[in-house]
There are 2 protein chains.
Amino acid sequence: MNQGDSDHYLARKRFFSRMLTVYGRKPVLEALENKDIQVHRLHLASSNKPGDLVRKISELATSKGAEILHHDKQALSRISRNAKQDQGVAADLLCPGFQTLDQLVEQIKSNALNRDFRILALDGITNPQNLGMIIRSACAGNIDAILLPSKGCAQIDPLTIKASVGTVFRAPIVRLDGQLADALRALKDSKCAIIGLSSRAQNTLNECPSGNNVFVLGNETHGVSDTTQATCSDWVKIPMNNGVESLNVAVTAALIAFH
Amino acid sequence: MNQGDSDHYLARKRFFSRMLTVYGRKPVLEALENKDIQVHRLHLASSNKPGDLVRKISELATSKGAEILHHDKQALSRISRNAKQDQGVAADLLCPGFQTLDQLVEQIKSNALNRDFRILALDGITNPQNLGMIIRSACAGNIDAILLPSKGCAQIDPLTIKASVGTVFRAPIVRLDGQLADALRALKDSKCAIIGLSSRAQNTLNECPSGNNVFVLGNETHGVSDTTQATCSDWVKIPMNNGVESLNVAVTAALIAFH
């Protein structure tokens, strides 16, 4: 690849890293009604019967300058990847807070924030409601990036969007194609501490190392996976009273986000 | 009422304030398996077919010294108050952390903890999952009492118990028969600050008055009710980034509990 090709490739990659395809009439309508969200394309099934909701969605998409495409039902389900729930409507949104892992690493290396980075890494969070709540709290609190692996985690589906109360569209999300452990190693190489949360840790959240911190939240039942554990440089717990053994993972995320 | 009667009445009231009736085979089994929970009575429907689960429940109840009573289906549903979900099984537990409002007020007046009290008051929390999560976080964090009105709030049902991961049985819960506003006025008279949570507040959670604090959490959609608002002496907010307007109420509770 020559320089031009490589620049073009990078630009494309970054453009697509911001693109989120949502589906279902209500989720699409809510996204379109949000003035901060840019819409790239609206996809409609040709089989949609004319009705108020689809008309409203089309009008909003037009007013936002989006391209409107019509597909047969099967083609639409290839776009939504969820024929059961797409209701003949999907939209490609451009989420301003989404970025690639490369961009995040670049920002950390250039000290772009002029302060330490605080990152959440999600390792096997399988409940979409928990994912949505984590995104909502992280977006409201002091978190600069949320690492969301495409495998082994709940994804940004209608349930997640609902539980996030729409904050997912402006949250600082880094979707990972590969293994979370690889991303964590890349962040470790950029001088981030990789901090696993575990009720069996010796130190508490108050005793985190200073500097750029990546907090790893594990699965609701099994905690941080073995592969991911191997990348953790530190472990912390949240001290609990009354013999309570664990907190809901979305609560843990919020306590980190607002720490 | 003479003194003896009045003492007897008070003792009865306090005994019953600790009693929680749970129903459904799995919730009852889990409660019985918890070694910290005392069981007063096990109620079984005479129509229950003999089976492993009911046998296990009966054996556990016997080993814990509980009285076992058999009822016809209708009588059992009057005890469980939920014929649809009781599955022919109910148990009266004695929860050590439960108490009456009078007891709480007495403790505050006598400075029983040798430090300030931190109390959560729930005003119209209607989602049992939120209630369960609030109880779990409050029990794990630094909360001395949770005020749970019997009207207008979700109650301690199987969903709540599940979301609380069983912590409800040892949580410091004060169930209120009357209006929350009346209880808040009683606490105000005992030198507690009544602090409403609202995103429109000027001050932040960091700027709470020192002393005994009661934090009022309002309904998931409508916030603190008008009647309750009138009792609030202070208002605080949790500062949020990225234009996020609100947090999940269970997350707010956790941030208070671990503040």
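Residues numbered from 1 in each chain as written. Chains lettered and ligands numbered in written order. Predicted model: local features only at pLDDT ≥ 70, side-chain atom pairs only at ≥ 80, totals over all residues. Heavy atoms only, no water.

For any pair of aromatic rings, the description consists of the separation of the ring centres together with the inter-plane angle of the planes. Residues and elements named next belong to chain A. Taken as a whole, this structure holds two aromatic pairs over all chains when the rule is applied. Relative to Phe-16, the ring of Phe-15 has its centre 5.4 Å away and its plane inclined at 85 degrees; by these criteria the two rings are edge-to-face. By relative accessible area, Phe-15 is classed as partly exposed at 27%. Judged by its relative accessible area of 39%, Phe-16 is partly exposed. (Phe/Tyr/Trp six-rings, centres within 6.5 Å; stacked < 30°, edge-to-face > 60°. Buried < 20%, exposed > 50% of the residue type's maximum accessible area, 1.4 Å probe, protein only.)

Another aspect to go through is the relation of the copies chain A and chain B. Rotating chain A by 180 degrees and moving it 0.0 Å along the rotation axis overlays it on chain B with an RMSD of 0.0 Å. The superposition operator between the copies reduces to a two-fold rotation axis. (Least-squares fit on C-alpha atoms with pLDDT ≥ 70 in both.)

Let us now look at the pairing of strand β2 (residues 38-45) of chain A. All names here are of chain A. As paired strands, β2 and strand β4 (residues 89-94) are joined by six bridges and run antiparallel to one another. Paired with Val-39 across the bridge in β4 is Leu-93. One ladder, built from five bridges, connects β2 with strand β3 (residues 67-71); its direction is parallel. Its bridge partner lying in β3, Ala-45 is registered against His-71. Taken together, β2, helix α3 (residues 52-63) and β3 constitute a β-α-β crossover, and its handedness is right-handed. (Pairing = 2+ DSSP bridges. Helix = DSSP H or I, 4+ residues; strand = E, 2+ residues; numbered from the N terminus. Right-handed = clockwise from strand over helix to strand, strands pointing away.)

Right, let's talk about the domain arrangement of chain A for a bit. Residues and elements named next belong to chain A. Domain parsing of chain A yields domain 1 (19-94) and domain 2 (101-257). Distance between the C-alpha centres of domain 1 and domain 2: 30 Å. Taken together, the contact pairs nine residues of domain 1 with six residues of domain 2. Summing both sides of the interface, domain 1 and domain 2 together bury roughly 760 Å²; the carbon and sulfur share of this comes to 67%. Interface area lost by domain 1 to domain 2 is led by Leu-20, Tyr-23 and Pro-27, which between them contribute 45%. Run the count over domain 1 and domain 2 and you get one residue pair in polar contact (both at pLDDT 80 or more). Taken together, the elements giving at least two residues each to the side of domain 1 that touches domain 2 come down to β1 (19-23) and α2 (25-33). Taken together, the residues that form the side of domain 1 that touches domain 2 break down as eight nonpolar, one polar and no charged. (Domains from an automatic or database assignment. Contact = heavy atoms within 4.5 Å. Buried area = accessible area lost by both parts, 1.4 Å probe. Polar contact = N/O pair within 3.5 Å; in protein donor to acceptor, adjacent residues only side chain to side chain. Nonpolar A, V, L, I, M, F, W, Y, C, P; charged D, E, K, R; others polar.)

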